[in-house]
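Listed below are the residues making up each chain.
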Amino acid sequence: MTLSNTLREIDNLLSCIIMNNDQITDNLTILDNPIKLKCGKVVKNRYFLAPLTNVQSNSNGTLHEDEYNWLTSRAGYFGMISTCAAYVSNEGKAWDGQLGVAEDKHIQGLTKLSNGIKSKGSTAIVQLHHAGDRATLSPQKISATARNDVKAATHEDIKRIKSDFVKAGIRCYKAGFDGIEVHGANGYLFTQFLSKTQNNRTDEYGGEIENRARFLLETIDEIRASVPLNFIVAVRLSPVDIFENRGLLLQDTLKVVQWLSKRKVDIIHLSLRDAVAPPPLENSTVPVVQSIKQILPSDVKLATAGGIWTRCDAKKLSELGSDFIVIGKAAIIHENWPEIIKITNFEPNKPPWTEEALKQVNVSNKFIKYLGKGPNGLVK
Ligand SMILES: Cc1cc2nc3c(=O)[nH]c(=O)nc-3n(C[C@H](O)[C@H](O)[C@H](O)COP(=O)(O)O)c2cc1C
């Protein structure tokens, strides 16, 4: 951790300590209020369960009871519930136990899942995913650029993948979901195209950001044209590089966000490690979320994830302009996080967690194994 990061964390901590409960309550009232999206759908509060891979589906991608219990036990508390990254085609599948939206046989389980989430008053979306060169279960991995066992996507491949996303989106609609989120973050297929360092194509899908964003934008256009206007279309982005230089720069992201905003996208969803921080690898002191909020039209909502554990964290993120507060790890251990943070002196249970504690909150053995034991895992 750099000195400036440490100082910023100390500053955050101090401002939380001096903030009184009334100040926090004011802001939480906003977060508890419903929010209307561009497509017309209303979400009952601003708390958003992050897409969280949990490997609890059956091997053929159909819904398993464990995945149903995991998500529906968080519904009712979080206004917005996202599924994990769900594969749109077998060639984009990343791991065993991943939820599928790739075939019509998946629709039955997805329908049960959307009903279970919506019956508790939450809005339900599916995260549509193609892992690109990280599709470990694919017979032929595809990416922007060829290397070793990875093939550079041809125009035929790009056309087919766009169509896979559209068909998956339609399946989600048929299954009763309120919308979808295209996974354009965290190093998977669309990030591989957006990245300046991973995409060295010379055709219209490579080069300047206008070209590197083309595949994502065309996919969004095709999905939007194939689902009803009141169906939520969200896009998740890694707006900046976090751990290493992968060629994702804020100045490029700002352009991509502007292009997406003109395309009837309801939510831009930022995947960050620290939701309130400036870009870790760029020379800027302005929080990423604030830079993006500044250029976002008011009818496109902003959702931001990364390191939110307490009501004070949520307040700060809201003040920086995020319309939705996205909760990942804290929601694994606290099913009712949006409620429990209202208790004065609430102390989040940070990892590593015990297996017993996880089992009590509908996290099955498979998910516990995935969360991992040992020094780098989240389980004791
Ligand atoms: C176990 C686990 C699974 C995840 N799976 C996904 C996923 O399927 N799709 C995705 O976009 N991000 C995924 N993420 C990233 C989270 O959505 C979130 O952005 C990240 O955990 C930071 O938020 P947090 O600090 O509140 O946990 C995952 C994170 C964790 C810890």
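This text goes with the structure placed above it.
Residues numbered from 1 in each chain as written. Predicted model: local features only at pLDDT ≥ 70, side-chain atom pairs only at ≥ 80, totals over all residues. Heavy atoms only, no water.

**Observations concerning the overall build of the protein**
Reasoning step 1: A count of helical and extended segments in the protein gives 15 helices and 12 strands.
Reasoning step 2: For the protein, the C-alpha radius of gyration of 20 Å lies close to 21 Å, the compact-globule estimate for 380 residues.
Reasoning step 3: Counting only C-alpha atoms and orienting by the principal axes, one finds that the protein spans roughly 60 × 45 × 45 Å.
Reasoning step 4: Per-residue burial for the protein yields a buried fraction of 58% across its 380 residues.
Reasoning step 5: A fraction of 71% describes how many contacts in the protein between residues 6 or more apart in sequence connect residues 24 or more apart.
Reasoning step 6: In the form shown here, the protein has an accessible surface area of approximately 15,700 Å², with 50% of it arising from carbon and sulfur atoms.
Reasoning step 7: Counting 47 positive and 41 negative side-chain charges, the protein places the centres of these two groups 2 Å from one another. (Helix = DSSP H or I, 4+ residues; strand = E, 2+ residues; numbered from the N terminus. Rg over C-alpha atoms; globule rule 2.2 N^0.38 Å. Buried < 20%, exposed > 50% of the residue type's maximum accessible area, 1.4 Å probe, protein only. Contact = heavy atoms within 4.5 Å. Areas by Shrake-Rupley, 256 points an atom, 1.4 Å probe, with all protein chains shown as cover. Lys, Arg positive; Asp, Glu negative; His and termini not counted. Charge placed at Lys NZ, Arg CZ, Asp CG, Glu CD.)

**Regarding the site of the ligand**
Reasoning step 1: Around the ligand there are 18 residues in total, and T53, Q127, R236, G307 and K329 lie nearest to it.
Reasoning step 2: Within the side chain of Q127, a nitrogen or oxygen atom sits 2.9 Å from a nitrogen atom of the ligand.
Reasoning step 3: H183 is positioned with one of its side-chain polar atoms (N or O) 3.0 Å from an oxygen atom of the ligand.
Reasoning step 4: Out of a free accessible area of 610 Å², the ligand has 86% covered by protein chains. (Near = heavy atom within 4 Å. Polar contact = N/O pair within 3.5 Å; in protein donor to acceptor, adjacent residues only side chain to side chain.)

**Concerning the pairing of strand 4 (residues 80-87)**
Reasoning step 1: Burial analysis of strand 4 places 8 of its 8 residues in the buried class, which makes it a mostly covered element.
Reasoning step 2: Sheet analysis places strand 3 (residues 47-49) next to strand 4, joined by 2 bridges and oriented parallel. Within strand 4, the position partnered with F48 by the bridge is M80.
Reasoning step 3: In this sheet, strand 5 (residues 123-129) lies alongside strand 4 in parallel orientation, the contact comprising 6 bridges. Pairing of M80 across the sheet is with T123, part of strand 5. (Pairing = 2+ DSSP bridges.)

**Here we look at the sheet that holds strand 9 (residues 232-237)**
Sheet strands pair via backbone hydrogen bonds, and the direction of the pair is either parallel or antiparallel.
Reasoning step 1: The sheet built from 8 strands closes into a barrel, its strands ordered 3-4-5-8-9-10-11-12 with parallel pairing. With strand direction ignored, the average angle separating the axes of adjacent strands in the sheet is 25°.
Reasoning step 2: Of the pairings in the sheet, the one linking strand 11 (residues 301-305) to strand 12 (residues 324-327) comprises 3 bridges and is parallel in character. Its bridge partner being in strand 12, A303 is matched across the sheet by F324.
Reasoning step 3: Strands in contact with helix 9 (residues 250-261) are strand 9 and strand 10 (267-271); relative to strand 9, the strand with the most contacts, it is inclined by about 175°. (Axes fitted to C-alpha atoms, helices over the stretch in contact; angles between N-to-C directions.)

**So, the packing of helix 3 (residues 65-72) against helix 4 (residues 107-118)**
Reasoning step 1: Viewed as axis vectors pointing N to C, helix 3 and helix 4 meet at an angle of 20°, and their least axial separation amounts to 9 Å. Overall, the two elements helix 3 and helix 4 adopt an arrangement that is roughly parallel. The interaxial crossing formed by helix 3 with helix 4 has right-handed handedness. Seen from helix 3, the contacting residues are E65, Y68, L71 and T72; seen from helix 4, they are K112, L113, G116 and I117.
Reasoning step 2: The residue makeup of the contact of helix 3 with helix 4, split by class, is 4 nonpolar, 2 polar and 2 charged. (Parallel < 35°, antiparallel > 145°, perpendicular 65-115°, else oblique. Left-handed = near helix turned anticlockwise from the far one by under 90°. Nonpolar A, V, L, I, M, F, W, Y, C, P; charged D, E, K, R; others polar.)

**Brief notes about the packing of aromatic side chains**
Reasoning step 1: Within the structure shown, the criterion is met by 9 aromatic pairs.
Reasoning step 2: Ring geometry for F48 against F324: centres 5.8 Å apart, planes inclined by 85°, an arrangement best described as edge-to-face. Of this pair, F48 sits in strand 3 while F324 sits in strand 12, and the two are 276 residues apart along the sequence.
Reasoning step 3: With relative accessibility at 0%, the residue F48 sits in the buried group.
Reasoning step 4: On the basis of an interplanar angle of 70° and a centroid distance of 4.9 Å, the ring pair of F193 and F215 is categorised as edge-to-face. Here the residue F193 occupies a position in helix 6 (residues 189-194), and F215 occupies one in helix 8 (residues 214-226), the gap between them amounting to 22 residues. Of the two residues, F193 and F215, both sit in the buried class.
Reasoning step 5: Grouped by ring-pair contacts, the aromatic residues F165, F190, F193, Y205 and F215 constitute a single cluster.
Reasoning step 6: A cation sits over an aromatic face here: R134 above Y188, 4.2 Å from the ring centre. (Phe/Tyr/Trp six-rings, centres within 6.5 Å; stacked < 30°, edge-to-face > 60°. Lys NZ or Arg CZ within 6 Å of the ring centre and 35° of its normal.)

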